[in-house]
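What follows is the residue order along each chain.
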Amino acid sequence: FDLRYSVVSATVYFSGANFPSVKIGNIAGSNLSSIDNFIKQCGPGSVITFDNIKVSGPDGQRTIDAVSIALY
């Protein structure tokens, strides 16, 4: 199968190292400029969680499972 999906939107949570409290950002499409300051603040021990991820593909729009990334 060669299914391609595009990100429509997502809520992004930043926590762990360099984040004394959880910071929340939102993205639209593949444009990350709205969370650029949080990305620059990340370092080893930071955790980034993408939640409420809406994607669009050949079968329409859907919400997919959350994804977390821990930086080392």
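Please refer to the structure placed before this passage.
It should be emphasised that the depicted structure is a prediction, and the values quoted were computed from it without experimental measurement.

S.K.: What should I look at first to understand the nonpolar core in this one?
M.R.: One broad trend across soluble globular proteins is that nonpolar side chains are buried collectively. The biggest cluster of nonpolar side chains holds eleven residues, and these are Ala10, Val12, Phe14, Phe19, Ile27, Ile35, Phe38, Cys42, Ile48, Ile53 and Val55. Breaking this core down by element, the ones donating at least two residues are strand 1 (6-16) and strand 3 (46-57). With near-sequence residues (within four places) excluded, Phe38 lies in contact with Phe14, Phe19, Lys23, Ile24 and Gly25.

S.K.: Is there a simple way to explain the side chain of Ser46 in this structure?
M.R.: Following the sequence through the fold, Ser46 ends up in strand 3. Looking at Ser46, the relative accessible area reads 0%, which means it is buried. The residues contacting Ser46, other than those within four sequence positions of it, are Ser15, Gly16, Ala17, Asn18, Phe19, Ile69, Ala70 and Leu71.

S.K.: Any chance you could explain unusual backbone geometry here in plain terms?
M.R.: Glycine aside, residues mostly have negative phi, and peptide bonds are mostly found in the trans state. The phi dihedral of Asn18 falls on the positive side, at around 75°, and the residue is not glycine. Turning to its location among the elements, Asn18 is positioned in the loop between strand 1 and strand 2 (23-28). Under the relative-accessibility criterion, Asn18 is labelled partly exposed at 44%.

Criteria and thresholds
- Residues numbered from 1 in each chain as written.
- Predicted model: local features only at pLDDT ≥ 70, side-chain atom pairs only at ≥ 80, totals over all residues.
- Heavy atoms only, no water.
- Core = buried A, V, L, I, M, F, W, Y, C linked by side-chain atoms within 4.5 Å.
- Buried < 20%, exposed > 50% of the residue type's maximum accessible area, 1.4 Å probe, protein only.
- Helix = DSSP H or I, 4+ residues; strand = E, 2+ residues; numbered from the N terminus.
- Contact = heavy atoms within 4.5 Å.

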